[in-house]
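Listed here are the chains, written in short residue letters.
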Amino acid sequence: MSGPGESDRFGIAPALLQWWDVNGRKDLPWQQDVTPYRVWVSEIMLQQTQVATVVGYFDRFMQAFPRLVDLADAETDHVLHQWSGLGYYARARNLHRSAGIVRDTMGGELPADIDQLVSLPGIGRSTAGAILSLALNQRQPILDGNVKRVLARIFAIEGWPGSSRVAKLFWDHAERCTPDQRVAHYTQAIMDLGASVCTRSKPQCCQCPMSGACAAERLGIVGDLPTRRPRRERPKRAAVLGLMVRPDGTILLEKRAGFGIWGGLWGLPEIDCIDAIPDWCAHHVGVAAKSIQSQATVLHRFTHFDLEIQPVTVRLDKDPERMMDGDQWLWYNIRQPARVGIAAPVSRLITEFGESVWDEK
Ligand code: SF4
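The structure presented is a predicted model; accordingly, all values stated were derived computationally and were not measured.

**Things to note about the overall build of the chain**
Part 1: For the chain, the count of helices and strands is 15 helices and eight strands.
Part 2: Along the first, second and third principal axes, the C-alpha set of the chain runs to 75 × 50 × 35 Å.
Part 3: Looking at the 361 residues of the chain, the share that counts as buried comes to 47%.
Part 4: Partitioning the intrachain contacts of the chain with sequence separation of at least 6 by distance along the chain shows that 67% fall at a separation of at least 24.
Part 5: About 18,100 Å² of surface is accessible on the chain, with carbon and sulfur atoms providing 49% of the total.
Part 6: Averaging the coordinates of the 41 positive side-chain charges in the chain and doing the same for the 41 negative ones gives two points 5 Å apart.

Below, the structure is given as structure tokens:
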């Protein structure tokens, strides 16, 4: 890592710290009672989600699992339930797995060592840097989306940051800019600048402490940076999801395998096609369908593909002969919902079904 003189070469840290002292956010829940565990959870939540949304989830998560060991000891279902609605559930599964590893092999405390941290599932170099700098004031650079944008513009770094050649350039700059003193405040400052001033669209260069020293501003290429990922066609998949309804109005949920999309969450049974529903009912629940009604399709965007969901409401003729209770199946009562993790689009389908039943009455 470079020395203090070199790290201050661009005068970035002093300017950002001065700006942050006046304008920075200091009242977010994870900025109070700062611990590596709280910073870790907040950083994982913030990876794909806006600050305003994360605040409520973070508070509830901390109430449910105040210490790392509470998270490690919790049932996966309980963790996923607390995560329901935040999306990208691999994040929650990795948090839970990592907490177990820390409890079992690292004495129950997150290690203060970057190599040990990045050995844990779901913790990359930037998240590890954020934990160590924000919670322990260690001189570690970070490189999340906001920081990449700020650095790309200040230094006019061209090329897609996802390529290893360009990523190395970004890390070199991030490392050189990180100061020796007030590392936690600097880390918060550069993240805040990216979130509030150097935004993706319409950056406020006239209010920016880097104005005048920023290469992209000088060259008039702010809108071109950071370089976007080369375009490629998004794959599309389709799934038929059955809303199997018993005469008492409860809905059949199936626990999905612990990997892949919605891994470990409860969802609606996936059926090959609409024509296969009568056979599915005969085979799985042992009773016939009284009615089969297709609903409007729903498009759900995942990171790497789009999923076109075809929901089908299937009202069963009578109570199933095979009740299928247990670890794999659950008859879900909308009025007294079980505390289980359900993917957001499935949860919306169930809610809409509940509202339509209510309207019929
Ligand atoms: S001057 Fe503009 S482009 Fe440069 S860092 Fe500030 S807000 Fe971003």
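Having seen the structure, we can now continue with the description.
**What about helix α3 (residues 36-46)?**
Part 1: When you tally the buried positions in α3, you get nine out of eleven residues, the bulk of the element.
Part 2: Within α3, burial applies to Y37, R38, V39, W40, V41, S42, E43, I44 and M45.
Part 3: At its buried positions, α3 is contacted by α4 (51-64), α5 (68-73), α6 (76-83), α7 (90-105), α9 (125-136) and α12 (183-196).

**A short note on empty space enclosed by the protein**
Picture a little ball the size of a water molecule; that probe, rolled over the atoms, points out where space is still empty.
Part 1: Going through the model one piece at a time under the given rule, you end up with two cavities of 30 Å³ or more.
Part 2: Put simply, the largest cavity is a space of about 130 Å³.
Part 3: Lining the largest cavity are 15 residues, and of these R153, C198, C205, C208 and C214 sit closest to its centre.
Part 4: A per-element tally of the lining of the largest cavity places helix α10 (residues 145-154) first, with three residues.
Part 5: Per-class residue counts for the lining of the largest cavity are eleven nonpolar, two polar and two charged.
Part 6: Q140, P141, I142, V147, L151, A174, T178, Y186, T187 and I190 together form the lining of the second largest cavity.
Part 7: Elements with a contribution of two residues or more to the lining of the second largest cavity: α10 and α12.
Part 8: No other element matches the three residues that α12 contributes to the lining of the second largest cavity.

**Some thoughts on the site of the ligand**
Part 1: Around the ligand, a shell composed of R153, I154, C198, C205, C208, S211, C214 and V222 is seen.
Part 2: More than half of the atoms belonging to the ligand lie within 2 Å of the grid points that define the largest cavity.
Part 3: Residue composition of the shell around the ligand, grouped by class: six nonpolar, one polar and one charged.

**What about the pairing of strand β6 (residues 298-301)?**
Part 1: Note that β6 and strand β7 (residues 306-316) share four bridges and pair antiparallel. Paired with L299 across the two strands is E308, which belongs to β7.
Part 2: Linking β6 back to β7 in an antiparallel pair, the connection comprises four residues.

**Quick word on α6**
Part 1: Listed in full, the buried residues belonging to α6 are D77, V79, L80, Q82 and W83.
Part 2: Residues of α6 that are buried sit in contact with α3, α4, α5, α7, β2 (251-255) and β3 (266-267).

**Details of the layout of surface pockets**
Part 1: In this structure, the largest pocket occupies an estimated 2,100 Å³ of space.
Part 2: Considering the residues around the largest pocket, the lining is formed by 46 residues, among which Q47, Q48, G145, R149 and R200 are closest to the centre.
Part 3: If you list the elements that add at least two residues to the lining of the largest pocket, you get α3, α9, α10 and α12.
Part 4: In terms of residue class, the lining of the largest pocket is made up of 15 nonpolar, 16 polar and 15 charged.
Part 5: Each of domain 1 (4-224) and domain 2 (236-360) contributes no fewer than three residues to the lining of the largest pocket.
Part 6: Quantified by volume, the second largest pocket comes out at close to 510 Å³.
Part 7: Taken together, 23 residues line the second largest pocket, and the ones lying closest to its centre are G87, Y88, Y89, F302 and T303.

**Focus on the nonpolar core**
Part 1: Formed by 96 residues in total, the largest nonpolar core has its most connected members in Y37, W40, M45, F61, W83, L151 and W262.
Part 2: Top element by residues in this core is helix α2 (residues 12-23). It accounts for seven residues.
Part 3: Split by domain, the residues of this core number at least three in each of domain 1 (4-224) and domain 2 (236-360).
Part 4: Filtering out sequence-adjacent residues up to four positions away, W40 remains in contact with L68, L95, S98, A99, L110, I123, T127 and I131.
Part 5: Counting residues in each nonpolar core, the second largest holds 14 residues, with M244, I277, L316 and W329 among its members.

Rules and cut-offs
Residues numbered from 1 in each chain as written. Predicted model: local features only at pLDDT ≥ 70, side-chain atom pairs only at ≥ 80, totals over all residues. Heavy atoms only, no water. Helix = DSSP H or I, 4+ residues; strand = E, 2+ residues; numbered from the N terminus. Buried < 20%, exposed > 50% of the residue type's maximum accessible area, 1.4 Å probe, protein only. Contact = heavy atoms within 4.5 Å. Areas by Shrake-Rupley, 256 points an atom, 1.4 Å probe, with all protein chains shown as cover. Lys, Arg positive; Asp, Glu negative; His and termini not counted. Charge placed at Lys NZ, Arg CZ, Asp CG, Glu CD. 1 Å grid on protein atoms, 1.4 Å probe; cavity = no way out; pocket = protein on both sides within 12 Å on 5 of 7 lines; lining within 4 Å. Points joined across faces, edges and corners; volume = space filled by probe spheres on them. Nonpolar A, V, L, I, M, F, W, Y, C, P; charged D, E, K, R; others polar. Near = heavy atom within 4 Å. Sits in = over half its atoms within 2 Å of the grid points. Pairing = 2+ DSSP bridges. Domains from an automatic or database assignment. Core = buried A, V, L, I, M, F, W, Y, C linked by side-chain atoms within 4.5 Å.

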